[in-house]
Amino acid sequence: MSMDRRKFVSALPALAAGPYLGAVLAGCSSEPLTGPGKIAWDRDVCTRCSMVISERSFAAQIRDPMKKVHKFDDFGCAVFWKEHQTFSDAESEFWVVDSRTEPAASQWLDARKASFAGGKRSPMGYGFAAVPAGTAEAVPYAEARKAVLAKGK
């Protein structure tokens, strides 16, 4: 199996530290190694735009191959940030809040399996809120992702 130069260079820190670095570092905290992490609402900031994450209906998270969780205030921020990373979709987890749940009981959905209702007033203006797959008048992940990328920012 060959690895392209860009992927190899991005993997060097992990290769030098050994295959369990992510587990060792994550083991020092109370965070799980898979699934969405905890968000400190109104305190944590978006990895991409640095805005405070407060509107729970639009929050997203991506867990990278090293098991680090990156938090976002808007699905669109997560999509754009992911586009500039060297790891593949298969190497990461992508989570979004089910916008139909009560804020205090936020339910996380696998973004790639969720649907997205458009025309919403999201924090960064991308206009998508996640809902369970198959929800009427919502589009699948691939279509929402394509619309976000076409919008730009």
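Residues numbered from 1 in each chain as written. Predicted model: local features only at pLDDT ≥ 70, side-chain atom pairs only at ≥ 80, totals over all residues. Heavy atoms only, no water.

*Asks:* Sorry if this is basic, but what is going on with the side chain of Ser 115 here?
*Replies:* Within the secondary structure, Ser 115 is located in strand β5 (residues 115–117). At a separation of 3.2 Å, a polar atom in the side chain of Ser 115 contacts the main-chain amide nitrogen of Gly 134. Setting aside chain neighbours within four positions, we find Ser 115 in contact with Ala 129, Ala 130, Val 131, Pro 132, Ala 133, Gly 134, Thr 135, Ala 138, Val 139 and Pro 140. (Helix = DSSP H or I, 4+ residues; strand = E, 2+ residues; numbered from the N terminus. Polar contact = N/O pair within 3.5 Å; in protein donor to acceptor, adjacent residues only side chain to side chain. Contact = heavy atoms within 4.5 Å.)

*Asks:* Looking at this structure, how should I read the confidence of the model for the protein chain?
*Replies:* Atomic detail in the predicted coordinates should be set aside for any region of low pLDDT. When pLDDT is averaged across the protein chain, the result is 85; 78% of the residues are at 70 or more. Predicted confidence for residues 22–26 stays below pLDDT 50, and this span has 6 contacts to residues more than four positions away or in other chains. (pLDDT = per-residue confidence, 0-100.)

*Asks:* Looking at this structure, how should I read the sheet that holds β5?
*Replies:* Strand pairing in a sheet relies on backbone hydrogen bonds. The paired strands run either parallel or antiparallel. Strand order in the open sheet formed by 3 strands is β6-β5-β7, and the pairing between neighbours is antiparallel. The open sheet has two free edges, formed respectively by β6 (129–131) and β7 (139–140), since each of these has just one partner strand. As defined by bridge partners, β5 adjoins β6 across 3 bridges and the pair is classed as antiparallel. Directly across from Phe 116, in β6, lies its bridge partner Ala 130. (Pairing = 2+ DSSP bridges.)

*Asks:* Would you mind showing me how to read the nonpolar core here?
*Replies:* Ranked by size, the top nonpolar core spans 23 residues in total, and within it Ile 62, Phe 72, Phe 75, Phe 94, Val 96, Phe 116 and Val 148 carry the most contacts. If you list the elements that add at least two residues to this core, you get β1 (60–63), α3 (75–83), β3 (93–97) and α4 (141–151). Looking at this core, the element that brings in the most residues is α3, giving 6 residues. Counting 5 residues, the second-largest nonpolar core is a separate cluster that includes Ile 39, Ile 53, Ala 59 and Val 97. (Core = buried A, V, L, I, M, F, W, Y, C linked by side-chain atoms within 4.5 Å. Buried < 20%, exposed > 50% of the residue type's maximum accessible area, 1.4 Å probe, protein only.)

*Asks:* Would you mind going over the pairing of strand β2 (residues 69–72) with me for this structure?
*Replies:* Successive residues of a regular strand alternate their side chains across the two faces of the sheet. Here β2 shows no split at all, with Val 69 and Lys 71 on one side and His 70 and Phe 72 on the other all buried. When β1 meets β2, the two strands line up antiparallel, connected through 4 bridges. Note on β2: the bridge partner recorded for Gln 61 is Lys 71. Where β1 folds back onto β2 in an antiparallel hairpin, the turn is made up of 5 residues, including Lys 67, whose phi is positive at roughly 75 degrees.

*Asks:* Which parts of the structure should I look at to understand unusual backbone geometry?
*Replies:* Trans is the common state for peptide bonds, and a negative phi is the common state for residues other than glycine. Non-glycine residue Asp 42 carries a positive phi angle of around 70 degrees. Tracing the backbone shows Asp 42 in the loop between α2 (21–27) and β1.

*Asks:* Got a minute to help me understand the packing of aromatic side chains in this structure?
*Replies:* In this description, a pair of aromatic rings is defined by centroid distance and the angle of the planes. Taken as a whole and judged by the stated rule, the model has 9 aromatic pairs. Geometrically, the ring pair formed by Phe 72 and Trp 81 is tilted, given 5.4 Å between the ring centres and 55 degrees between the ring planes. With a centroid separation of 6.5 Å and 50 degrees between ring planes, the pair formed by Phe 116 and Tyr 141 is classed as tilted. Remark: Tyr 141 occurs in helix α4 and Phe 116 occurs in strand β5; sequence separation between them is 25 residues. This pair shows no difference in class: Phe 116 is buried, exactly as Tyr 141 is. Cluster of aromatic residues (ring-pair linked, three or more members): Phe 75, Phe 94, Phe 116, Phe 128 and Tyr 141. (Phe/Tyr/Trp six-rings, centres within 6.5 Å; stacked < 30°, edge-to-face > 60°.)

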